[in-house]
Amino acid sequence: PELGIYLSMKLFLLMCLPSGLYGLDAQLIEEVVPCLEYTPLPNWSRPIAGMVECRSYRVPILDLGWLLQQAPSPSVFGTRMVLLRKTPNQRSAPLVALLAPNLIETVYTPSSLCLMPSLPGHYLHPVCQTEEGPIQVVDVPKLLKEQIDPVYDALQEAFLNVRGIDQSIVSH
């Protein structure tokens, strides 16, 4: 009986923005790191913040602050990079970073409290009720599919061009 309680719970990493609380499914997160120095890419606009080299990967960065409230994430102590795999649950998949302002805590919530349907074609999912208040859940796989997949190769190429690296001798 006690195991059943834990199986029906979801763990979220919470982000507090002026527009409300947002949750990222903790199962998809590889690591949360301080905001690393990254390279902005000329001719690329938000939500693409730039690229960073991390763990021998060239990692594209999506700005969650921009996506969720149309304002760039501030360069302050509380802004972090959330590292995850481009393809969830595939250890060999390349990394992607989400620039996330105001990460505050993790919270478990019963799956049964996340019943409201998501908006079709959008990366925001149901509102879940928690002790902290309602949280809007970010559908990370859908977000990456919409924002990163179509431009992934072009981002890699732009990063190499900015760094002055010969693309013919470098593999992704």
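Our subject is the structure listed above.
Residues numbered from 1 in each chain as written. Predicted model: local features only at pLDDT ≥ 70, side-chain atom pairs only at ≥ 80, totals over all residues. Heavy atoms only, no water.

(A) Looking closely at the sheet that holds strand 1 (residues 9-17). Judged by pairing direction, the sheet is mixed, and its 5 strands sit side by side in the order 8-1-2-10-9 without closing on themselves. Of all strands in the sheet, those with a lone pairing partner are strand 8 (103-110) and strand 9 (124-130), marking the two edges. Averaged over neighbouring strand pairs, the angle between their axes works out to 35° when direction is ignored. (Pairing = 2+ DSSP bridges. Helix = DSSP H or I, 4+ residues; strand = E, 2+ residues; numbered from the N terminus. Axes fitted to C-alpha atoms, helices over the stretch in contact; angles between N-to-C directions.)

(B) The arrangement of unusual backbone geometry in detail. Across the junction of Arg46 and Pro47, the peptide omega takes the value 20°, indicating a cis bond. The residue Asn43 is not glycine, and still its phi comes out positive at about 70°. Of note, Asn43 is situated in the loop between strand 3 (29-34) and strand 4 (48-54). Unusually for a residue other than glycine, Gln70 sits at a positive phi of about 55°.

(C) The arrangement of the side chain of Asp139 in detail. By secondary structure assignment, the location of Asp139 is in the loop between strand 10 (133-138) and helix 3 (140-147). Nearest to the buried, unbridged Asp139 among oppositely charged side chains is Lys142, at 4.6 Å. A distance of 3.1 Å separates a polar side-chain atom of Asp139 from the backbone nitrogen of Lys142. (Buried < 20%, exposed > 50% of the residue type's maximum accessible area, 1.4 Å probe, protein only. Lys, Arg positive; Asp, Glu negative; His and termini not counted. Salt bridge = Lys/Arg side-chain N within 4 Å of Asp/Glu carboxyl O. Polar contact = N/O pair within 3.5 Å; in protein donor to acceptor, adjacent residues only side chain to side chain.)

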